[in-house]
Amino acid sequence: MFNLESLLRENIKRLVPYSSARDEFKGEASVFLDANENSFGSPLPVNYNRYPDPMQWPLKYKLADIKGVPPQNIFIGNGSDEAIDVLFRAFCNPGGIDNVVLCPPTYGMYEVSAHINDVIIRKVSLTPDFQLDIEGLQQAVDENTKLIFICSPNNPTGNSIHRSDIELLLNNFDGIVVVDEAYINFSRQKSFIQELTEYPNLVVLQTLSKAWGLAGLRVGMAFAGEEIINVFNKVKPPYNIGQATQELALQALDNVARVNEWIREIVIERDLLSAGLEQLPMVLKVYPSDANFVLAQTTDAKGIYHFLTQRGIVVRDRSKVELCMGCLRITVGTPAENLQLLETLKSYNPKTETPVSA
Ligand SMILES: *Cc1c(COP(=O)(O)O)cnc(C)c1O
């Protein structure tokens, strides 16, 4: 049985959260002398002298509208990376007590965040077709396993994880199942955010960094039951999202139609890029993608990476990553960028390239 109280770290259970000036007074007033701000203003065309809304309510209401999830089920972080870090700090006792389960090859931040928080990592590699190893997961999980991270569509492989496998985990694991949906907008699969009432142990991560084109703003979301969101709110820094970021994100969210149009274009370009790559002699395989990037297995990842950077094109060399031998991860660019990449690759000749030292 899932029991939030028993999952939480003792210190978090006992924690009296910081109470900000904005928490203690919420009414209307004209003179604010309660937060040691500069009452004169800001040395900018627009004033930012007041602390922002610690709960980002207007932004949450708009997200609620777009996502079809109540605002009390939303946490907003300084990128989804903040949500990942808060999960570790709230649930995982450091120093060799608790553990988390990761399924490589996957997003690198789960491991880094585990290390920063000094939490044990148990790795259960994906199968050769990049799906969950259910038996391996069953063996890896014990009473000290607090979190399982599932990335779907997965970075860097690009595929979605079978929904039934994620449901199996949600139904049988008493810790928290984190489903990272950073790339969900590009996927044929349905999001898990409509299942929050079904699964009290579900946390879904999404972000404005990918489809929404706002990586520079740093806005990530966690969707979960109210109990878990309350934990996020207790642990997060009080003013984790700046005023300018809140305002810009709100403005951006008015443009759903434009973003949806981009998503359609990016998916079309992704499929063209995959087809183009498949024609090239140095490309052995292009993995099917549900994301805005493709994973391509090549004859010489390092050499091709080097060749491309010399011509001003940067892709990601993932060849050292488990199950990704020879692989480059390539983000879908504009039509012109994708064409430039394909044309450049056509001029690649391994015989005339000087070998790159190891
Ligand atoms: C890019 C990415 C994110 C986004 O992180 P932000 O901190 O929101 O920019 C999250 N998860 C995965 C798997 C990603 O690839």
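Residues numbered from 1 in each chain as written. Predicted model: local features only at pLDDT ≥ 70, side-chain atom pairs only at ≥ 80, totals over all residues. Heavy atoms only, no water.

Asks: Describe the UniProt feature "domain: Aminotransferase class I/classII large" (unreviewed entry) in the chain, naming the residues involved and giving the relevant values.
Replies: In this structure's numbering, the residues bearing the UniProt feature "domain: Aminotransferase class I/classII large" (unreviewed entry) are residues 48-344. As a span, residues 48-344 carries 37% helix and 18% strand, and end to end its C-alpha atoms are 47 Å apart. (UniProt positions renumbered as here; feature names shortened; annotations may be inferred. Helix = DSSP H or I, 4+ residues; strand = E, 2+ residues; numbered from the N terminus.)

Asks: Can you tell me about the sheet that holds strand β10 (residues 316-317), naming the residues and giving the values?
Replies: Here four strands make up an open sheet; going across it, the order is β8-β9-β11-β10 and the pairing antiparallel. The open sheet has two edge strands with one neighbour each: β8 (283-286) and β10. As paired elements, β10 and strand β11 (residues 327-331) share two bridges and run antiparallel to each other. Residue pairing for β11: Arg 316 is matched across the bridge by Arg 329. Contacts between helix α11 (residues 256-278) and the sheet are confined to β8, β9 (293-298) and β11, with β9 contributing the most and set at about 10 degrees to the helix. Packed on one face of the sheet, helix α12 (residues 301-310) meets β9, β10 and β11 and runs near 35 degrees to β11. (Pairing = 2+ DSSP bridges. Contact = heavy atoms within 4.5 Å. Axes fitted to C-alpha atoms, helices over the stretch in contact; angles between N-to-C directions.)

Asks: Could you give an account of the packing of aromatic side chains, naming the residues involved and the relevant values?
Replies: Per the counting criterion, the structure on display carries 10 aromatic pairs. Taken together, a centroid distance of 5.4 Å and an interplanar angle of 80 degrees make the contact between Tyr 107 and Tyr 110 edge-to-face. Look at Tyr 107 and you get partly exposed, because its relative accessible area is 24%. Counting every residue linked through ring pairs, the aromatic cluster contains Phe 88, Tyr 107, Tyr 110 and Phe 149. (Phe/Tyr/Trp six-rings, centres within 6.5 Å; stacked < 30°, edge-to-face > 60°. Buried < 20%, exposed > 50% of the residue type's maximum accessible area, 1.4 Å probe, protein only.)

Asks: Requested: an account of the pattern of salt bridges, with residues and values cited.
Replies: The final tally for this structure, using the stated rule, is 17 salt bridges. Lys 13 serves as the salt-bridge partner of Glu 10, at 3.0 Å between the closest nitrogen and oxygen. With a gap of three residues between them, Glu 10 and Lys 13 both fall in helix α2 (residues 10-14), about one helical turn apart. According to the relative accessible area criterion, Lys 13 is partly exposed, its value standing at 29%. Taking the shortest distance from any N to any O, the salt bridge between Lys 123 and Glu 111 comes out at 3.1 Å. (Salt bridge = Lys/Arg side-chain N within 4 Å of Asp/Glu carboxyl O.)

Asks: Report on the sheet that holds strand β6 (residues 202-207), specifying residues and quantitative values.
Replies: Taken in spatial order, the seven strands of this open sheet run β1-β7-β6-β5-β4-β2-β3, and their pairing is mixed. Looking at strand neighbours, the two that pair on one side only are β1 (74-77) and β3 (120-123), the edges of this open sheet. The mean inter-strand angle of the sheet, taken between neighbouring strand axes irrespective of direction, is 25 degrees. Where strand β4 (residues 145-151) and strand β5 (residues 176-180) come together, five bridges link them in parallel fashion. Bridge pairing in β5 links Leu 147 to Ile 176. Sitting on the sheet, helix α5 (residues 80-91) touches β1, β2 (99-102), β4, β5, β6 and β7 (220-224), and the angle it makes with β4 is about 160 degrees.

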